[in-house]
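# Fold and contact review
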Amino acid sequence: MPMPHHFLARVSPFQPRALGACLLAGLLAAGAPAQAEEAAVKSRWVSDSLTTFVRSGPTDGYRIVGTLTSGQKVELLRTQGDYSQVRGENGDTVWIPNRDLQALPGQTERLPQLEQKVAELSAELEGINDTWKTRVQGMQEALDSRKKLIDESQAARAALDSELNQARSELREVQAQLGEEHQQVLMRYMIYGGGIAGAGLFVGLLLPALLRVRRKRNDQWI
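Notes on the structure in this doc start here. (Residues numbered from 1 in each chain as written. Predicted model: local features only at pLDDT ≥ 70, side-chain atom pairs only at ≥ 80, totals over all residues. Heavy atoms only, no water.)

### Let's talk about the overall build of the protein
Definition in use: Helical segments are the DSSP runs of H or I of at least four residues, strand segments are the runs of E of at least two, and each set is numbered from the N terminus. Only protein chains enter the accessibility calculation, which uses a 1.4 Å probe; a residue is then buried when its area is under 20% of its type maximum, exposed when over 50%, and partly exposed in between. For accessible areas, the Shrake-Rupley method is used with a probe of radius 1.4 Å. Any residue's cover is judged against the shown protein chains and nothing else.
Along its length, the protein carries 3 helices and 7 strands. Taken from N to C terminus, the helices and strands of the protein fall in the order α-α-β-β-β-β-β-β-β-α. Counting every position in the protein, which comprises 222 residues, the buried fraction comes to 21%. About 16700 Å² of surface is accessible on the protein, with carbon and sulfur atoms providing 60% of the total.

### Quick look at the packing of aromatic side chains
Between two aromatic rings, the relevant description is the distance of the centres plus the angle of the planes. Worth spelling out the cut-off: When the centres of two rings from Phe, Tyr and Trp lie within 6.5 Å, Trp using its six-membered ring, the rings pair. Their planes under 30 degrees apart give stacked, over 60 give edge-to-face, and anything left gives tilted. The criterion is that NZ of a Lys, or CZ of an Arg, lies within 6 Å of the ring centre and within 35 degrees of the ring normal, and then a charge sits over that ring.
By the definition in use, this model includes 0 aromatic pairs. In this arrangement the basic side chain of R135 is found over the ring face of W132, its NZ or CZ atom lying 5.3 Å from the centre.

### A short note on the pattern of salt bridges
The test is simple: What counts as a salt bridge is simple: a side-chain nitrogen of Lys or Arg found within 4 Å of a carboxyl oxygen of Asp or Glu.
Using the criterion set out here, one finds 2 salt bridges in the structure. We note a salt bridge from R87 to E75, for which the minimum N-O separation is 2.9 Å. With R87 in strand β5 (residues 83-87) and E75 in strand β4 (residues 73-80), the pair connects residues that are 12 residues apart, well separated along the chain. One salt bridge connects K147 with D151, and the closest N-O pair in it is separated by 3.4 Å. Taken together, the positions of K147 and D151, both in helix α3 (residues 107-221) and 4 residues apart, correspond to about one turn of that helix.

Below is the structure:
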């Protein structure tokens, strides 16, 4: 449904009350800048309905002078009872029921704002998503680098363990060889010692016997 921003009907020039309201609105509009700023703060929107009838005065007894379209922005001038006097974008002033005014823009005006907000949030979310993707990629690269270092450390440790086992095996072989050589040296010492002891024993037994034989021979000669 199109949403024109003008009144569908203007105030009749033959009604004094409506003319008085227009003059009052004109005086208010020609006031100080502070009053204009206050009037701008008092912006209102016609509630989201098909059409809203407006009157020439602040009660149901005044004549209907036109309609306002839903979502149309108006300026709140004053409130009296169940009606509020408002000025439309075309400058006309009318009275509208309070129930047909709202402090927030209508759906027609808010929809572009909401769409823009959704677009901004989507862009922000996309940026956050890209940032997290970059962070995750960086963390994955760091993790891969650390995993590579761990693999290299494990490989170096395995090589050192292999070298250590080989060194231990060689040490055991050297110790075994030293044990065998030690036993051979002991055997040589034992044989050498036994030979010396045997020779001493032989000399110790033979020498007295030779001395006795020699004495006997000397005795025979005498």
